[in-house]
Amino acid sequence: MNKKYIEANKKVKSLRRFYIHLFIFLIVNIVLLFNLIMLEKDESLNTFVWLILNIMVTWSVGLIIHAWRVFDGKILFSKAYEDRKYRSLYKLIKISSYA
């Protein structure tokens, strides 16, 4: 196998693990939010409210770090994305100017 294939395979596995992590994160946080809403009615369970909030915030930070590592620090807009968008908009403007 060549080096590019191995590198692409690692990237695909890394993306797959991230999306599994994201899916589990969303499911667990929905359950935690539901529990938070239910627990907030009872003043004596303040400790559990803080525990749930702590879990949600800590896991969110962990997920952001995971995304940063998977997407090589280009979470929002990479240079390649900007170039593709520029080319597509340029083509659109070019086509519409002929109409």
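The preceding data block contains the structure.
No experiment lies behind these values; they were computed from the predicted model shown.

A. Structural view of helix α1 (residues 3–39). With 37 residues, α1 extends 53 Å from end C-alpha to end C-alpha; this agrees with the ideal 54 Å at 1.5 Å per step. Taken residue by residue, α1 has Ser 14, Phe 18, His 21, Phe 25, Asn 29, Leu 32, Leu 36 and Leu 39 as its buried positions. Looking at the buried positions of α1, the neighbouring elements they touch are α2 (46–70). One side-chain oxygen at the N-terminal end of α1 lies 3.3 Å from the backbone nitrogen of Lys 4; it belongs to Asn 2.

B. How the structure looks around the nonpolar core. Membership of the largest hydrophobic core is limited to six residues, which are Leu 32, Leu 36, Leu 39, Val 49, Ile 52 and Met 56. Among the secondary structure elements, those contributing two or more residues to this core are α1 and α2. With residues near it in sequence (within four places) discarded, Ile 52 still touches Leu 32, Asn 35, Leu 36 and Leu 39. Ranked by size, the runner-up nonpolar core spans five residues in total, among them Phe 18, Phe 25, Leu 63 and Ala 67.

Reading the values: rules and limits
- Residues numbered from 1 in each chain as written.
- Predicted model: local features only at pLDDT ≥ 70, side-chain atom pairs only at ≥ 80, totals over all residues.
- Heavy atoms only, no water.
- Helix = DSSP H or I, 4+ residues; strand = E, 2+ residues; numbered from the N terminus.
- Expected span 1.5 Å × (residues − 1).
- Buried < 20%, exposed > 50% of the residue type's maximum accessible area, 1.4 Å probe, protein only.
- Contact = heavy atoms within 4.5 Å.
- Polar contact = N/O pair within 3.5 Å; in protein donor to acceptor, adjacent residues only side chain to side chain.
- Core = buried A, V, L, I, M, F, W, Y, C linked by side-chain atoms within 4.5 Å.

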